[in-house]
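# Architecture and fold: a report
Chain by chain, the residues run as shown.
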Amino acid sequence: MNELMKSLPSPTLPGLQLPGLDAYRGWLFKWTNYLKGYQRRWFVLSNGLLSYYRTQAEMAHTCRGTIPLVTAHIEVGDTCHLVLTSGGRSYHLKSTSDAECQRWVSALQQAKANATQLMQHSDDSGDEAPLAQDGRALTAGVLKTLASKLDDLNTCNELIAKHGAALQRSLSELEDPRGATDGTDRLKAVNERATLFRITSNAAINACRDFLDVAETHNRRWQRALQHEREQRHHLEQTIEQLAKQHNSLERAWRENPNSHTGPEHSIGEASDENDDGEFFDAVEESPAFITVTDCSGPNLLQQRRGRRRRIPDKPNYSLNLWSIMKNCIGKELSKIPMPVNFNEPLSMLQRLTEDLEYSELLDRAARCDCSLEQMCLVAAFSVSSYSTTVHRTAKPFNPLLGETYELDRLEEYGYRSISEQVSHHPPAAAHHVTSQRGWTLWQDITIDSKFRGKYISVMPLGCIHLEFQASGHHYVWSKVTSTVHNIIVGKLWIDQSGDIEIVNNTTKDLCRLKFSPYSYFSRDAPRKVTGVVQDREGAAHYILSGTWDDRMECAKIVDSSPGCGGSEGKQKTVYQTLPAKLLWKKYPLPDNAENMHFFSTLALTLNEPEDGVAPTDSRLRPDQQLMEAGLWDEANIQKTRLEDRQRLERKKREAQANEALEEGYHPLWFEKRTNDGGERTFVYRGGYWEAKERQDWTQCPEIF
């Protein structure tokens, strides 16, 4: 065997017994199914595991399966064939020559022997083995011994205090010349009490030594167990993260092209050329550390996705003291504070509104719901999902110029297109309209009220969001919660969302109340917690919603309710019995290197991407924003000052001409004020933008850049 190891080229068997190094690797043919026969795969033998990939490049991200050799049976078949049996499943492999087959068999047998020996050594290693069932009993005995030693220490402590006090009294009496007793008797009492104090102290020292001896004896075992648990937890976190990426990849692929898939099992099969062989489930069941993350979209969708950019230039590392700028602005409205681009992100407020559509597939699913209460759950999840992109985004978006617009046309990918316009500058207000081919329309008129409070900044969006589904005619209305940026003076900036959202279905009168719990250092609740209840028009609760605004939302159907103990302010709490919770929404992982790209999501990275034929007022064309994204912040600040000065001059001209305030005299181009059914005056889309884009007729657009 040693001669065989020496004769193999590197990298092969040398290093077989070194943990962490690849012992053997190469190409083998693996039987998949009767339709496709043997398929060429890249196999890697390392640390007692045999893993396989379609190509060598896949080693960096995608494992097709892993076979633990410690429980595997290795059998040599016909010429150039070998069979591995593990976990009730057989793997038929074939090499290109008998010599290569023999090398693989030798390597596999040696790896299995090493893995078996390592496992036996681990089981027999006493202190260094992780705590097993018998180890737990031993630990319980050790803890009992330590508790007994601790009791001894407490007893010694009490005796030391008692005898120490007595000794001090005797010393005081000895020093007092007026004492009634003889000096010899007093000296004798001091000696007796000093002896008792010394004996008690020695007993305490011995008890401490015994306690330390027991603790140190078992310390190594506990350290080993703790390290083992940490590794297991890290391994589990990695597995869950990869599963989440896989789930998101499959869900994205399905919502981009739902007609080409008949169900989840079908889409998984299409993602691999080994669907009949069950490769995908192998990777999950046999080795959770290796999860296949695939792109299930067809060629056309791949081309569309490749057409969207996936990164922007890294953010420069400029340092600037925010407090030095804002210390004289306490109590002022944030939109009126002159700020350099250093505290901005290269997106406008119009684009931030458009980011609400990151999880538009929730509305696509809601449009297909027959039950209005289930539809309400999905609408509620959508309302929460719009905050998930803000968790790391403490920078301020650009204030749009009056008349600035932003369009997002995603008809081909996601079935919707969106147009927004800045309809007022003071107070800053934007109108937004989205139409979807998948059965829904969304519009909102949002005015931003923001205040700087010294230690934090509060941003309060005023106005309502409207959502209507064409098939059912259901019309939902809700508003946004308050966003707060903390640690303005000192510390790391962080953002929190707090307040209540009430979603009303104006058609059926169904209601959902969502509570965004503010962060509290003393609270036992999970940070960024969101809870809610879905009720029908009679006030009966049907679903419980729970989750966090930065990660996920779940719903659970209520099957029974009963009065609970009294709550705060004398209110009666209700205890609900529910079915197991179902996942409504899960946040997509951020793109690679997101921390250097303003923590932008996949959608946010594309919002400034150049588009042909957009209006000349589009945020993509704003020069200060473009320069900031490119990393040219000094030049961006110059352009920002120029644009703001120009806007002030335009305002003065219009005030002089109209002899009235700008907001009263200015009329937006694509939106107009109408009175809704509730008697409110709100901006709604008047139409014409997409028709103007088709004609490329932008003569009505003001020159704002």
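Everything that follows concerns the structure shown earlier in this document.
Let us look at the structure shown here. Just so it is clear, the structure is predicted and the values come from calculations on it, not from any experiment.

This part is about the overall build of the chain. When its secondary structure is counted, the chain shows 16 helices and 26 strands. In the chain, which comprises 705 residues, the share counted as buried stands at 44%. Within the chain, residue pairs in contact and separated by at least 24 positions form 57% of the contacts whose partners lie at least 6 positions apart. If you sum the accessible surface of the chain, you get close to 37200 Å²; carbon and sulfur atoms cover 51% of it.

Here the focus is the environment of Thr195. Examined against the element boundaries, Thr195 turns out to sit in helix H4 (residues 183-256). A relative accessible area of 31% means that Thr195 is categorised as partly exposed. C-alpha of Thr195 to C-alpha of Leu167: the two residues are 28 residues apart in sequence and 9.5 Å apart in space.

In the structure shown here, the tally under the stated rule is 2 cavities of 30 Å³ or more. For the largest cavity, the calculated volume is near 100 Å³. Together, 16 residues line the largest cavity, and Thr389, Lys587, Tyr588, Leu590 and Ser601 are the ones closest to its centre. Residue composition of the lining of the largest cavity, by class: 7 nonpolar, 5 polar and 4 charged.

Counted according to the given criterion, the structure contains 25 salt bridges. Ionic pairing is found between Lys640 and Glu644, a salt bridge with its closest N-O pair at 2.7 Å. One end of the pair, Lys640, and the other, Glu644, are both in helix H14 (residues 633-658), 4 residues apart, so they sit about a helical turn from each other. Classification of Lys640 as buried rests on a relative accessible area of 8%. Of the charged contacts in the structure, one is a salt bridge between Arg674 and Glu672, with a shortest N-O distance of 2.6 Å.

Structurally, Thr441 is set in strand S13 (residues 440-452). Residue class for Thr441 comes out buried when judged on its relative accessible area of 14%. For Thr441, the side chain forms a polar contact with the side chain of Gln470, separated by 2.8 Å. Among all residues touching Thr441, those that are not within four sequence positions of it are His433, Val434, Thr435, His466, Leu467, Glu468 and Gln470.

Our next topic: the pairing of strand S12 (residues 429-436). In terms of burial, S12 is a largely internal element, 7 of the 8 residues being buried. Alignment of strand S11 (residues 416-424) against S12, held across 8 bridges, turns out to be antiparallel. Considered in S12, the bridge of Tyr416 is made with Ser436. Counted along the chain from S11 to the antiparallel partner S12, the turn is 4 residues long. With 8 bridges connecting them, S12 and S13 associate as antiparallel partners. Pairing of His432 across the sheet is with Gln444, part of S13. The antiparallel pairing of S12 with S13 creates a hairpin that spans 3 residues between the two strands, and Gly439 there sits at a positive phi of about 100°.

This part takes up helix H11 (residues 372-385). A rise of 1.5 Å per residue sets the reference length of H11, with its 14 residues, at 20 Å; its end C-alpha atoms lie 20 Å apart and thus fit the reference within 8%. Counted residue by residue, H11 has 13 buried out of 14 residues, so it is predominantly covered.

Attention now moves to the packing of aromatic side chains. Each aromatic ring pair is described using two quantities: the centre-to-centre distance and the angle formed by the ring planes. Evaluation of the coordinates by the stated rule reveals 16 aromatic pairs. Arranged with centres 6.4 Å apart and planes meeting at 40°, the rings of Tyr416 and Trp440 form a pair that is tilted. One end of the pair, Tyr416, is in strand S11; the other, Trp440, is in strand S13, and 24 residues separate them in sequence. The pair formed by Tyr416 and Trp440 is uniform in burial state, with each residue classed as buried. For the pair Trp494 and Tyr519, a centre-to-centre distance of 5.5 Å together with 75° between the ring planes defines the contact as edge-to-face.

This brings us to unusual backbone geometry. Even without being a glycine, Lys509 presents a positive backbone phi close to 70°. With phi around 65°, His598 is a residue other than glycine that occupies positive phi space. As for its position among the elements, His598 is in the loop between strand S24 (582-586) and helix H13 (623-629). Given the relative accessible area of 9%, His598 is considered buried.

Our next topic: the environment of Pro346. Following the sequence through the fold, Pro346 ends up in strand S8 (residues 344-348). Expressed as a C-alpha distance, the spacing of Pro346 and Lys396, which sit 50 residues apart in the sequence, is 9.0 Å. The contacts of Pro346, once residues within four sequence positions are left out, are Gln351, Phe398, His598, Phe600, Asn608, Gln625, Met628 and Glu629.

As a further point, take the pairing of S11. Most of S11 sits inside the fold, with 8 of its 9 residues counted as buried. Note: strand S10 (residues 405-410) against S11, 6 bridges, orientation antiparallel. Residue pairing in the sheet places Arg410 in a bridge with Tyr416 of S11.

Below, the discussion takes up the environment of Ser498. Relative to the assigned elements, Ser498 resides in strand S18 (residues 494-505). Once the C-alpha coordinates of Ser498 and Ser517 are considered, the two residues, 19 residues apart in sequence, prove to be 5.6 Å apart.

Glancing now at the nonpolar core. Across soluble globular proteins, nonpolar side chains show a tendency to be buried alongside one another. Of all hydrophobic cores here, the largest spans 64 residues; its most connected members are Trp440, Leu467, Trp478, Ile503, Leu514, Phe516 and Leu545. If one sorts the elements of this core by residue count, H11 sits on top with 9 residues. Aside from chain neighbours lying at most four places away, what touches Leu467 is Leu363, Val379, Trp440, Thr441, Leu442, His474, His475, Tyr476 and Trp478. Counting residues in each nonpolar core, the second largest holds 20 residues, with Leu69, Leu82, Tyr91 and Ala107 among its members.

Scoring rules and cut-offs
- Residues numbered from 1 in each chain as written.
- Predicted model: local features only at pLDDT ≥ 70, side-chain atom pairs only at ≥ 80, totals over all residues.
- Heavy atoms only, no water.
- Helix = DSSP H or I, 4+ residues; strand = E, 2+ residues; numbered from the N terminus.
- Buried < 20%, exposed > 50% of the residue type's maximum accessible area, 1.4 Å probe, protein only.
- Contact = heavy atoms within 4.5 Å.
- Areas by Shrake-Rupley, 256 points an atom, 1.4 Å probe, with all protein chains shown as cover.
- 1 Å grid on protein atoms, 1.4 Å probe; cavity = no way out; pocket = protein on both sides within 12 Å on 5 of 7 lines; lining within 4 Å.
- Points joined across faces, edges and corners; volume = space filled by probe spheres on them.
- Nonpolar A, V, L, I, M, F, W, Y, C, P; charged D, E, K, R; others polar.
- Salt bridge = Lys/Arg side-chain N within 4 Å of Asp/Glu carboxyl O.
- Polar contact = N/O pair within 3.5 Å; in protein donor to acceptor, adjacent residues only side chain to side chain.
- Pairing = 2+ DSSP bridges.
- Expected span 1.5 Å × (residues − 1).
- Phe/Tyr/Trp six-rings, centres within 6.5 Å; stacked < 30°, edge-to-face > 60°.
- Core = buried A, V, L, I, M, F, W, Y, C linked by side-chain atoms within 4.5 Å.

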